[in-house]
Protein chains: 2
Amino acid sequence: MLEYANRMKNLTASEIRELLKVADRPEVLSFAGGLPAAELFPIKEMAAAGASVLKNNGEKALQYSTTEGFLPLREWVAKRENKRIGTELTADNILITHGSQQALDLVGKLLINKDDVVLCESPTYLAALNVFKTFEGRMIEVQTDQDGMIVSDLERILATTANVKLIYVIPTFQNPSGKTWSFERKKQILAVADRYDIAVIEDAPYEELRYSGEFTLPMFSISENANVIRTGSFSKVLCPGLRIVWICAEAKVIEKLVLIKQNTDLQCNTLTQMQIAEFVRTNDLDAHIAHLIHTYRIRRDAAISAIENYFPKTIQYTQPEGGLFIWVELPEKINATDLLQKSLKRHVAFVSGESFYAEQPKYNTMRLNFSCMDEEKINAGFKILGELIMEELKNE
Amino acid sequence: MLEYANRMKNLTASEIRELLKVADRPEVLSFAGGLPAAELFPIKEMAAAGASVLKNNGEKALQYSTTEGFLPLREWVAKRENKRIGTELTADNILITHGSQQALDLVGKLLINKDDVVLCESPTYLAALNVFKTFEGRMIEVQTDQDGMIVSDLERILATTANVKLIYVIPTFQNPSGKTWSFERKKQILAVADRYDIAVIEDAPYEELRYSGEFTLPMFSISENANVIRTGSFSKVLCPGLRIVWICAEAKVIEKLVLIKQNTDLQCNTLTQMQIAEFVRTNDLDAHIAHLIHTYRIRRDAAISAIENYFPKTIQYTQPEGGLFIWVELPEKINATDLLQKSLKRHVAFVSGESFYAEQPKYNTMRLNFSCMDEEKINAGFKILGELIMEELKNE
């Protein structure tokens, strides 16, 4: 009978994840996952890139390689970030990781001692943050408004809480809320983090999927010291199954993270890194993203219309400028997990919002993904959700 | 200025790894790495498998998938293990991981609290074990003879040491020593581990690469309780760049490891898992392994001959029945890291043995890999090493 480590007490299977196992069935209209639209994956181009790498460089592609990641890919990422967000990065500022979850695992190992505190938005992408539970860290929520974390709430927590090690934020098209921070708020929160000398993790997987509104520079670009660690990802702009993500940070922080990755999984998949490097060399990623944006914008608009048409007027919802999610606050008396159980019976899935709170869940909230179903299905599924919400209201 | 976690004190860059950075240059005869022979990789077949997966199942291959791993691959692994090692595993006993290093990272997270003790062979594959440093575990060496860990030394340590959580062993063609445990010794060590109720990690990446001698059942097969966790790997029998490894364990342990992996990197690469599943479905892996064995046996024999021909008679060395490594003990006065610096000047690389000791290094030891250079290069490189050792002896 094995005796497990103390950290295992923090790790439990998610009930909502269990509920949602049926959401994979083909008859289910699912707005639950954070899945990109599979029909938009550049399958042929990715196949061509893989074939080319194996034909021209097969021995290298199947052999061990460096922990830092495939150098041409790191150089490409650095250049692209520089162009997009006005930085002056080189490959030394980039570490390739196996998914965003691993990026957080490595950062957790770098920074978190037992009982250290991680601050996060309320709501936040808790599934990502659960990583820090492995290091027996403690999550505390900072309240948010439409512009991002509320400065006074952050100040209050920092003034009264010991061992705050980092602030985790998704400032652009946040998961789950769909919200985007204002530029002013990014500067204000950074100023507070700087004053307390606390690391900021800026998770930016959705940033390039903008359907409306204006781009503003990310926190990583405007930070005046080196305490911001940024993650970027091919998962949402290309495909998630290949698990290729990058961390941007000061070179000396990257060096430490490389040491950690050596002791975590040694290196990312060599072939996959070379395949993605070949894909971006031989294809126009910007054109591909423009194509994604075109489709996702239509779906976002269809989702917003369906909410307007079918949901009661007493709800609140975000109108995201990009990303994959709309966040809905139902009348307080409705429990969204109960609603989910009912909607699954009618073959419609979503994620109830309670999963996204580190401390005090709002049980009347729901996250609706609009990227992986077409307009017709969005309309049909949201119609059912609207009916179920109306029924719940009548039952009160 | 970021404040790092306490565990970072344990993680330092390896000086020998730094020395060996030059070993990648094409002019160097390298016996340093644990690299399989790249010219034997089934590149065309792997390319065909990847092309087929993307053509027939591209959307699935590029999308998110389950943490447990691709079900047909887990089923294939279970069946193959059952046939090879007489177990009765199902897919529920198999978790696919991103390399052996990750298998150990997950096991470390499952079992190791700060200051817990991990027992290992002396010498052992310390690079793998460094994982446990991340969890602030402490490594203690158990002395070994030609048959494996010495039972009385294990008993002595267990009787006098608190918080021993696991025993890490590579019983077959061990890295670095090339030794293989006797069947009797496996049973004896298991009996002690059972008595103290301690987990045993049986790392078995080389097991299928046998060039001579008799196969005996691994510890996982003969254990009477469920405390053995086994890892197996495609890295040495197929290719390491794809990072596909598996853990075999009791289903309830796999469930815990799945929870941990969810919070570590979510899942392995979907495409890669499907590609390997397609490869083993459409190719004869046994025939491929037979081909590897044929070549590696010639190289092992060439390496042993070269040692006999060029090294002084005062050294000791293992005659491995399989795997990738020969272990040499030089006369005590020779420091193998000094020798390495001299041999690198003559474009010959190996790993000095001090890297493989958790406690008391033997500085007069060296690990020689024989898998990734052909006979001619082995002969030429070992001749230079022999000359350098002879020179060192004269200088004494």
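Just so it is clear, the structure is predicted and the values come from calculations on it, not from any experiment.

Chemist: Can you lay out the overall build of chain A for me, pointing to particular residues and giving the numbers?
Modeler: Check the secondary structure of chain A and you find 13 helices and 14 strands. Compactness check: chain A gives a C-alpha radius of gyration of 21 Å against a globular reference of 21 Å for 396 residues, within 12% of the reference. Across its three principal axes, chain A shows a C-alpha extent of roughly 65 × 55 × 55 Å. Taking all contacts inside chain A whose residues are at least 6 apart in sequence as the whole, residues at least 24 apart take part in 75%. Surface accessibility of chain A: about 15,000 Å² in total, with carbon and sulfur atoms responsible for 48%. The centroid of the 45 positive side-chain charges in chain A is displaced by 2 Å from the centroid of its 53 negative side-chain charges.

Chemist: So what's going on with the pattern of salt bridges? Which residues, and what values?
Modeler: Scanning the model with the defined rule gives 52 salt bridges over all chains in all. Residue B:Asp115 is joined to B:Lys114 by a salt bridge in which the shortest nitrogen-to-oxygen separation is 3.7 Å. Judged by its relative accessible area of 45%, B:Asp115 falls in the partly exposed class. One connected set of salt bridges, linked through shared partners, spans A:Arg80, A:Glu81, A:Arg84, A:Glu202, A:Glu207, A:Glu208, A:Arg230 and A:Asp286.

Chemist: Summarise the sheet that holds strand β10 (residues 316-317) of chain B; cite the residues concerned and give the values.
Modeler: With antiparallel pairing, four strands are arranged side by side in an open sheet as β10-β11-β14-β13 (chain B). The open sheet terminates on both sides in strands that have one partner only, identified here as β10 and β13 (351-352) of chain B.

Chemist: Pulling in residues and values, what's your account of helix α9 (residues 251-262) of chain B?
Modeler: For α9(B), with 12 residues, the first-to-last C-alpha span of 16 Å sits near the 16 Å given by 1.5 Å per residue. Where α9(B) is buried, its residues contact α1 (15-19) and α4 (99-111) of chain A together with β2 (94-98), α4 (99-111), β8 (228-233) and β9 (244-248) of chain B.

Chemist: Could you give an account of the side chain of B:Ser177, naming the residues involved and the relevant values?
Modeler: All names here are of chain B. Considering the arrangement of structural elements, one finds Ser 177 in the loop between β6 (164-169) and α7 (183-196). A distance of 3.1 Å separates the side chain of Ser 177 from the backbone nitrogen of Lys 179, its partner in a polar contact. Setting aside residues up to four positions removed in sequence, Ser 177 forms contacts with Pro 123, Thr 318 and Trp 327.

Chemist: Can you lay out the UniProt feature "domain: Aminotransferase class I/classII large" (unreviewed entry) in chain A for me, pointing to particular residues and giving the numbers?
Modeler: Here, UniProt's "domain: Aminotransferase class I/classII large" (unreviewed entry) annotation points to residues 42-379 of chain A. Between the C-alpha atoms that bound residues 42-379 of chain A there is a distance of 26 Å. The span itself is 43% helix and 17% strand.

Chemist: Describe the interface of chain B and chain A, with residues and values.
Modeler: Contact with chain B, which involves 72 residues of that partner, is made by 72 residues of chain A. For the pair chain B and chain A, the summed buried surface comes to about 6,500 Å²; carbon and sulfur atoms form 58% of the total. Summed over the shared surface of chain B and chain A, the number is two salt bridges. With its nearest N and O atoms 2.7 Å apart, the salt bridge here joins B:Asp105 to A:Lys109. The interface formed by chain B and chain A holds 36 residue pairs in polar contact (both at pLDDT 80 or more) in total. Where the side of chain B that touches chain A is concerned, the elements lending two or more residues are α2 (43-62), α4, α9 and α10 (270-282) of chain B. Element by element, the count of residues in the side of chain B that touches chain A is highest for α2(B), at eight residues.

Chemist: Would you mind going over the packing of aromatic side chains in detail, with residue names and values included?
Modeler: In the structure shown here, the tally under the stated rule is 18 aromatic pairs over all chains. Ring geometry for B:Phe31 against B:Phe382: centres 4.9 Å apart, planes inclined by 85°, an arrangement best described as edge-to-face. Separated by 351 residues along the polypeptide, B:Phe31 in the loop between β1 (29-30) and α2 and B:Phe382 in helix α13 (residues 375-395) bring together distant segments of the chain. Here the aromatic cluster, defined as three or more aromatic residues joined through ring pairs, consists of A:Phe31, A:Phe311 and A:Phe382.

Chemist: Explain the sheet that holds strand β9 (residues 244-248) of chain A to me, and be specific about the residues and the numbers.
Modeler: Residue and element names in this part refer to chain A. An order of β2-β9-β8-β7-β6-β3-β4-β5 is seen for the eight strands of this open sheet, with the pairing classed as mixed. Each having just a single partner strand, β2 (94-98) and β5 (148-149) make up the two edges of the open sheet. Where α4 meets the sheet, its contacts fall on β2, β6 (164-169), β7 (199-203), β8 (228-233) and β9, and the angle it forms with β2 comes to roughly 115°.

Cut-offs used in this document
- Residues numbered from 1 in each chain as written.
- Chains lettered and ligands numbered in written order.
- Predicted model: local features only at pLDDT ≥ 70, side-chain atom pairs only at ≥ 80, totals over all residues.
- Heavy atoms only, no water.
- Helix = DSSP H or I, 4+ residues; strand = E, 2+ residues; numbered from the N terminus.
- Rg over C-alpha atoms; globule rule 2.2 N^0.38 Å.
- Contact = heavy atoms within 4.5 Å.
- Areas by Shrake-Rupley, 256 points an atom, 1.4 Å probe, with all protein chains shown as cover.
- Lys, Arg positive; Asp, Glu negative; His and termini not counted.
- Charge placed at Lys NZ, Arg CZ, Asp CG, Glu CD.
- Salt bridge = Lys/Arg side-chain N within 4 Å of Asp/Glu carboxyl O.
- Buried < 20%, exposed > 50% of the residue type's maximum accessible area, 1.4 Å probe, protein only.
- Pairing = 2+ DSSP bridges.
- Expected span 1.5 Å × (residues − 1).
- Polar contact = N/O pair within 3.5 Å; in protein donor to acceptor, adjacent residues only side chain to side chain.
- UniProt positions renumbered as here; feature names shortened; annotations may be inferred.
- Buried area = accessible area lost by both parts, 1.4 Å probe.
- Phe/Tyr/Trp six-rings, centres within 6.5 Å; stacked < 30°, edge-to-face > 60°.
- Axes fitted to C-alpha atoms, helices over the stretch in contact; angles between N-to-C directions.

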